[in-house]
Amino acid sequence: MSEIPQTSSVSKGCFVFKSASKKRKRHVEVGGYLADDSDGSDRFRICQKLWETVQMNTEVIQDQLNKKVLDSLAEFIKKHGLACSSDVWRQRASEIPTAALMLGVNVPDHAMTFRSLCNLLQDSVTPFVVSVHAKECAAVKLLIQKVLEQLMGKGVSVDEEQEDDTSLLQKTQCTISALCQWYKTVSKKCTKVALERTENSTNNDSPQSLPVVVIFKDFEAFNSHVLQDFILICSRYAQELPFVFIFGIATSPSAIQHRLPHSVSSLLCIEVFHSLSCTQHLASVFDKLILNSQFPFKLSSRVIQVLVGIFLYHDFSVQNFVKGLQFSMLEHFNSQPLSVLCCQKQEALLSAKTLSKQNVERIRHLPSFMRYVETQEPQEQVRLLTSDEHVKEVCQKLLKNLHKYHKHYYPILQCLHSLTSSLPKFPLGKHIRELHVSCIEKNLWETEEYDSALQLLRILAKDELVAALRKCAEILKSANTKRMQNVLQQFEDFIGKLEALEGVSSEDSSGNGVISAKMEYQKTDLFQLQKTLLEKESRRTKKMNPFEVLRSQVIEFIDSLVREYLTPAELQPLNEVCYYSSSGVLRQRLNVTPRTSIQAALSHPFYYLQNESLKTNAGTISSAAPDLCIVYKLHLECGRLINLYDWLEAFVTVMSAAEDQDADSEECGKFDSLKHARFIQAVSEMEFLGFVKSTKQKTDHVARLTWGGC
Amino acid sequence: MSVTLQCPGYPEDTLRSLADRLPCRETQLTSLLSLMGQPDQYSYPSIFIYGHRATGKSHVVLSIMKDLELPHASVDCVECVSSGHLFYQVLSAFFGPDAAALLPRCPSLSDFVRLYKQMSSNSPASQTRYIILDRAERMRDMDFSLLPALLRLQELVNDNVTVILLSEIVWEKFRPNTGCFEPLLFNFPDYSKAELVQILSQDHHPSYTPELYASYINILLGVFFSVCRDLRELRHLAVLNFAKFCEPLEKGEARESDIHKLWKNIEPHLQRAMQTVYLREVSSMQWEQQQMDEKEATTLRGLSAHAHIELPYYSKFLLIAAYLASFNPARTDRRFFLKSHGKIRKTNFLKKHEKTSNHLLGPKPFPLDRLLAIFYSVVDSRVAPTASIFSQISSLVTLQLLSQVGHDDQLDSPKYKCAVSLDFIIAISRTVGFDVVKYLYDFL
């Protein structure tokens, strides 16, 4: 089983290599494009390397997440392949085993799942796997043709004669009966070979027939008549040809019942398989790529918000999220020359030693570095501003600190999340990404949410607290720096002490249990409850029992950890090296608004054309602008219906205003055919862009399709 | 009964075994045989047999053909995506695949007739040849001249050939408006309950007595007869549930004579089967699985149980807006989505036909502009009209939650309909904290 992800990742690795090499072909240009100095190529190399790790990681994650559902699918198909030969099968011969695979609405992400499903099935179950797309199968004929092409065209490379057979059969009719004939010959050969192969093994008693798997990639998009006919035809041959269908369903299983009438769905033996939800998928990608100290490239809080927002609000597509990550990486390495330092620690230190003069100057101009300089002694300040060598040394030190910061940041973040994620109403967010965003954005401990979270933590019952601390200890075990080990030690001490309290304060802890239980009940008016609890808390401070003393120690300890390690990234010197922060650019590029751009281009041509003569004040119409822009601006002043002649006159007036200021007395009303033609062309361009359309309501009028303006 | 089955020209013992294998269809069998006449006699050119699903039409006809070893070509019209397939199958059944290979690439009817004539002159029919066309209703969608031509094929090819059409619908729905040769109509009536019992009892389990199985079938029909008379389906259900019926017997809790006890055991089970496995909510495989490890008492969730769909945030609002646009009259939009709307009285305000519930009338088409206008007023934050909003609309269409009305190439103002139910939209709007019922005109 472990081989399958490997092979699939090899095949995809091939793809990675391809795309990389394609880019490398353009390398000279790209390097040149980046290089306003010598290290452009370095940055490009680092970026490429990072991207490859991103891609590899996402594929591994996808494989891991899909493994379960794919395995159960393969098991399902195997099971039916076996049942084929048994008696049970014969009794309901016409039922075709069907797997309904729920994939979620993020259709673009399905391709990868289907690819690995195909690979898995072909490797471990049957060579006869066909996958069809709704677009290619508008009619039954085309669907059958597609199935036959994929099955028979490929053949099974068992024999040399195979080739001749298939080519012969291709000449014959494109029907399932032809497929049936072909299948008989091929499967005979296959089983023969399989038997020869497993001659020595024991389980060759029953010649198991290999199922023919047909995967309908996008079930919803298929024409229901096509599907019905295809299923009817296949069920006629089900006895000779063991079909297995897989429906890739984006919405819900009831879609099957909506598409197929009972007479057809009674021919199927449907079982539902659920793949992982896309939000879980995103969470694991997030954990692996963003909440990971090993991955040097970081995103600022705003950028994360943009990317996650696109995911949650628009498409649910993890692939698009990764694409967004890739884009921000490219953008970062392109726009930030200091990103040479954005790599693994050793490499970064090396390149810090060999920083160019220009880059040293750039470091001096980094806001975070300037802030750092200001905190130093005056002597040191002078040295930092004058000596390049010294800057390089300090830079190395700061980089080390930055890496250390990340190494401590993530375990503590995870601890805090595991502590607070079970609190009612999730004061610090349900997902770790929300917590991460608020941590790198501002001082977490100054927020109200953090206060309320701590207060809720202060009333935790003992067993809950111990369980939460245990989880934290688990997380910290994987962190292998010295300070984290210290923290772990302290956590374990607390756990030990809490457990030692067992006998002493049993009634108190039970009292706390009652409180927390009560809190669970009255979730509705939390505010009131909180108030009473706070009162109780204040009252109790007078006579705290040992458990409460210990608990407040624990909370204080956690608070101190947060204050020490979860400082905002922006305060770290040299954070600009690793953090990509221009969320505006990202939003502009990824969440495009074509109509806004068109309108911007038409009303402010200077924005795109960058021609000085086009600079105008608001409200005026420059005659130097392209005809289309003039016509557009004029039409904004009109109502729903536009008189073409008036429009033309206004257009000519604007045109001639520039040409000749003085001669307006004679030629004002007149216009030549050239201007007329230009006007007509501009109007038809407007129509093409969807701003006006011809109307039959009034002669010589066009209707406006957009509103507002002036 | 085999006494009645005396048809000259056919071996008697085959006829007898045939009659045994076709219980409750003796009358149809006799009439068919007498229609066919002796093997070498010319038969009626075309016979149209109709009757509901699983009333034994194809089974009877094909059994006659196979048992009496008559030359025949059986074609399922579903498979014939073009008339060429039909011709190919007929020719290859009568004259072998080599003859069929002589058909040109896109054979026309005259090609078929020519080739048939040529072949039949080489090997003239000693017996009547039969062409059996199953699911003949599909032929109506093919070439309009095909059906009339096949009905009088005997004349056209000048050969002893009979076309038998099998269909679930009546001949009146077939008759082309240009008129055609009237085939002989022949009805297969539905099986009565007693007949169903007789047929189903035939496949009893070898390890139990036929009486027990018959009583089981009686119980089964008692539950299912009111909803399903499809023999195939009933047989399927009988097989699926028999193991459960026998369970008390195997455990030794009951004897074969304790019919009441057995009935009490199986009845609720069958009721459940009617709600699940009969509707294909649960596959038969899962049903059997469930019977085996019943101790866990896991209730299988049917297909329609997973109705929940996860959608991106704005897609949800787009769907809600589409639902509102589909089920509210356009004139009421002012009232719902403008802040300073006047008081509009429901009764005076609307035309007569708008007073009936819009939910009874079904979704109405609406233009894209209206959808977006409602969307922007429904969604709580400011949304830029980005490309992804528009692409979400089209992805809702591919998911068939919306359906596009009219031509696909309407670029100017595409129209849509909302294709989801009220329950679904209420569930969706609950996840985004939007009270959709407040905005629906029907529930005002």
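The residue count restarts for each chain, going from 1 along the sequence in the order it is written. Whichever chain is written first becomes A and whichever ligand is written first becomes 1, with later ones labelled in order. Where local features are concerned, this predicted model is filtered to residues with pLDDT of at least 70; where side-chain atom pairs are given and counted, the filter is 80 or more; whole-chain, interface and lining totals use all residues. Based on all heavy atoms of the structure, the side-chain values leave hydrogens and waters out of the count.

**Quick notes on the overall build of chain A**
Move 1: Think of it this way: any DSSP run of H or I at least four residues long counts as a helix, any run of E at least two long counts as a strand, and we number them from the N terminus. Assigned secondary structure in chain A consists of 33 helices and ten strands.
Move 2: Contact definition: two residues touch when any of their heavy atoms are within 4.5 Å. Sequence-distant contacts, at least 24 apart, represent 76% of the contacts inside chain A between residues at least 6 apart.

**Here's the deal with the sheet that holds strand 1 (residues 96-102) of chain A**
Residues and elements named next belong to chain A.
Move 1: One open sheet holds the five strands; their spatial order is 2-3-4-1-5, and the pairing between them is parallel. Two strands in the sheet have a free side with no partner beyond their single neighbour: strand 2 (129-132) and strand 5 (268-274). Sheet twist, expressed as the mean angle between neighbouring strand axes with direction ignored, is 20°.
Move 2: Pairing between strand 3 (residues 212-216) and strand 4 (residues 243-249): five bridges, direction parallel. Across the sheet, the residue bridging to Val-212 is Phe-243, located in strand 4.
Move 3: Most of the contacts of helix 9 (residues 224-236) go to strand 4, to which it runs at about 160°, and overall it touches strand 1, strand 3, strand 4 and strand 5. Think of it this way: DSSP has to see at least two bridges between two strands before they count as a pair. An axis is simply a line fitted to the C-alpha atoms; with a helix, the fit covers only the stretch in contact. Between two such axes, the angle follows the N-to-C directions and lies from 0 to 180 degrees.

**Re the UniProt feature "domain: ORC5 lid" (unreviewed entry) in chain B**
Move 1: With numbering matched to this structure, UniProt assigns "domain: ORC5 lid" (unreviewed entry) to residues 213-280 of chain B.
Move 2: The distance separating the terminal C-alpha atoms of residues 213-280 of chain B is 25 Å; by composition the span is 74% helix and 0% strand. UniProt positions are given in the numbering used here, feature names are shortened, and annotations may be inferred rather than shown by experiment.

**With respect to the packing of helix 13 (residues 301-315) of chain A against helix 14 (residues 313-327) of chain B**
A pair of packed helices is captured by two measures, namely the crossing angle of their axes and the spacing between those axes.
Move 1: Closest axis-to-axis distance for the helix 13 of chain A/helix 14 of chain B pair is 4 Å, and the angle between their directions is 25°. It follows that helix 13 of chain A is roughly parallel to helix 14 of chain B by the angle criterion. For the pair helix 13 of chain A and helix 14 of chain B, contact is made by Leu-312, Tyr-313 and His-314 of chain A and by Tyr-313, Tyr-314 and Ser-315 of chain B, respectively.
Move 2: For the contact of helix 13 of chain A with helix 14 of chain B, the per-class residue count stands at four nonpolar, two polar and no charged. Should an angle fall under 35 degrees it is called roughly parallel, over 145 degrees roughly antiparallel, and 65 to 115 degrees roughly perpendicular, with every other angle called oblique. When residues are grouped by polarity, Ala, Val, Leu, Ile, Met, Phe, Trp, Tyr, Cys and Pro land in nonpolar, Asp, Glu, Lys and Arg in charged, and all others, Gly among them, in polar.

**Considerations on the packing of aromatic side chains**
All names here are of chain A.
Move 1: Note on ring pairs: Phe, Tyr and Trp rings are taken, using the six-membered ring of Trp, and paired if centres are within 6.5 Å. Classes follow the plane angle, with under 30 degrees stacked, over 60 edge-to-face and the rest tilted. All told, the structure shown has 53 aromatic pairs over all chains when counted by the stated rule.
Move 2: Look at Phe-76 and Phe-273: their rings are 5.4 Å apart centre to centre, the planes differ by 75°, and that puts the pair in the edge-to-face class. Of the two residues, Phe-76 is situated in helix 3 (residues 40-83) and Phe-273 in strand 5; the sequence distance between them amounts to 197 residues. Accessibility assignment for this pair places Phe-76 and Phe-273 in one class, buried. Classification of residues uses two cut-offs on accessible area relative to the type maximum, computed with a 1.4 Å probe and protein chains only: under 20% is buried, over 50% is exposed, and between them is partly exposed.

**As for the environment of Leu-456 of chain A**
Move 1: On the secondary structure map, Leu-456 of chain A appears in helix 21 (residues 448-458).
Move 2: Sequence-wise, Leu-456 of chain A and Gln-530 of chain A are 74 residues apart; in three dimensions their C-alpha atoms are separated by 8.6 Å.

**With respect to the interface of chain B and chain A**
Move 1: Contacts between chain B and chain A engage 44 residues on the former and 48 residues on the latter.
Move 2: Interface area, chain B with chain A, both sides summed: about 4,200 Å², of which 59% is carbon and sulfur.
Move 3: Any carboxyl oxygen of Asp or Glu that lies within 4 Å of a side-chain nitrogen of Lys or Arg is treated as forming a salt bridge with it. Here Asp-76 of chain B ties to Arg-236 of chain A by a salt bridge, and the two come within 3.2 Å at their closest N and O atoms.
Move 4: Polar contacts here mean pairs of N or O atoms no more than 3.5 Å apart (in protein, one a potential hydrogen donor and the other a potential acceptor; neighbouring residues in sequence count only if both atoms are side-chain atoms). Taken together, the connections running from chain B to chain A amount to 14 residue pairs in polar contact (both at pLDDT 80 or more).
Move 5: Only helix 4 (83-95), helix 11 (231-251), helix 13 (284-292), helix 14 and helix 19 (387-398) of chain B provide two or more residues apiece to the side of chain B that touches chain A.
Move 6: Broken down by element, the side of chain B that touches chain A gets its largest block of residues, five residues, from helix 19 of chain B. Put simply, buried area is the surface a 1.4 Å probe can reach on two separate parts but cannot reach once they are joined, added for both.

**Considering the environment of Tyr-42 of chain B**
Move 1: Residue placement: Tyr-42 of chain B occurs in the loop between helix 2 (26-36) and strand 1 (46-50).
Move 2: C-alpha separation for the pair Tyr-42 of chain B and Leu-166 of chain B, spaced 124 residues apart in sequence, amounts to 20 Å.

**Focus: the environment of Tyr-237 of chain A**
Move 1: With respect to the helices and strands, Tyr-237 of chain A occurs in the loop between helix 9 and strand 4.
Move 2: If we skip the residues at most four places from it in the chain, Tyr-237 of chain A touches Ile-176, Ser-177 and Cys-180 of chain A together with Glu-79 of chain B.
Move 3: A distance of 2.7 Å separates a polar atom in the side chain of Tyr-237 of chain A from a polar atom in the side chain of Glu-79 of chain B.

**Let's talk about the sheet that holds strand 5 (residues 184-187) of chain B**
Residue and element names in this part refer to chain B.
Move 1: With parallel pairing, five strands are arranged side by side in an open sheet as 2-3-4-1-5. At either end of the open sheet lies a strand with only one pairing partner, and these are strand 2 (72-76) and strand 5. The mean angle between the axes of side-by-side strands here comes to 20°, regardless of whether they run parallel or antiparallel.
Move 2: Here helix 4 sits on the sheet in contact with strand 2 and strand 3 (129-134), set at roughly 155° to strand 2.

**Structural notes on the confidence of the model for chain B**
Parts of the model with low pLDDT should not have their predicted coordinates read in detail.
Move 1: Mean pLDDT over chain B stands at 83; residues scoring 70 or higher make up 90%.
Move 2: On a scale of 0 to 100, pLDDT captures the predictor's confidence in every residue. Between the elements of chain B, mean pLDDT differs from a low of 54, seen in helix 16 (residues 346-349) of chain B, to a high of 94, seen in helix 14 of chain B.

**Some remarks on helix 18 (residues 368-378) of chain B**
Move 1: When helix 18 of chain B is considered as a whole, its buried residues turn out to be Leu-368, Arg-370, Leu-371, Leu-372, Ile-374, Phe-375 and Val-378 of chain B.
Move 2: Looking at the buried side of helix 18 of chain B, the elements it contacts are helix 14, helix 15 (333-337), strand 6 (366-367), helix 19 and strand 8 (415-418) of chain B.

**Some thoughts on unusual backbone geometry**
The general pattern is negative phi for most residues beyond glycine and trans for most peptide bonds.
Residues and elements named next belong to chain B.
Move 1: Here the phi dihedral of Arg-135 falls at roughly 45°; this positive angle occurs in a residue that is not glycine.
Move 2: Within the element layout of this structure, Arg-135 appears in the loop between strand 3 and helix 7 (146-151).
Move 3: Positioned with a positive phi, Asn-158 is a non-glycine residue whose angle comes to about 60°.
Move 4: Along the chain, Asn-158 turns up in the loop between helix 8 (153-157) and strand 4 (161-167).

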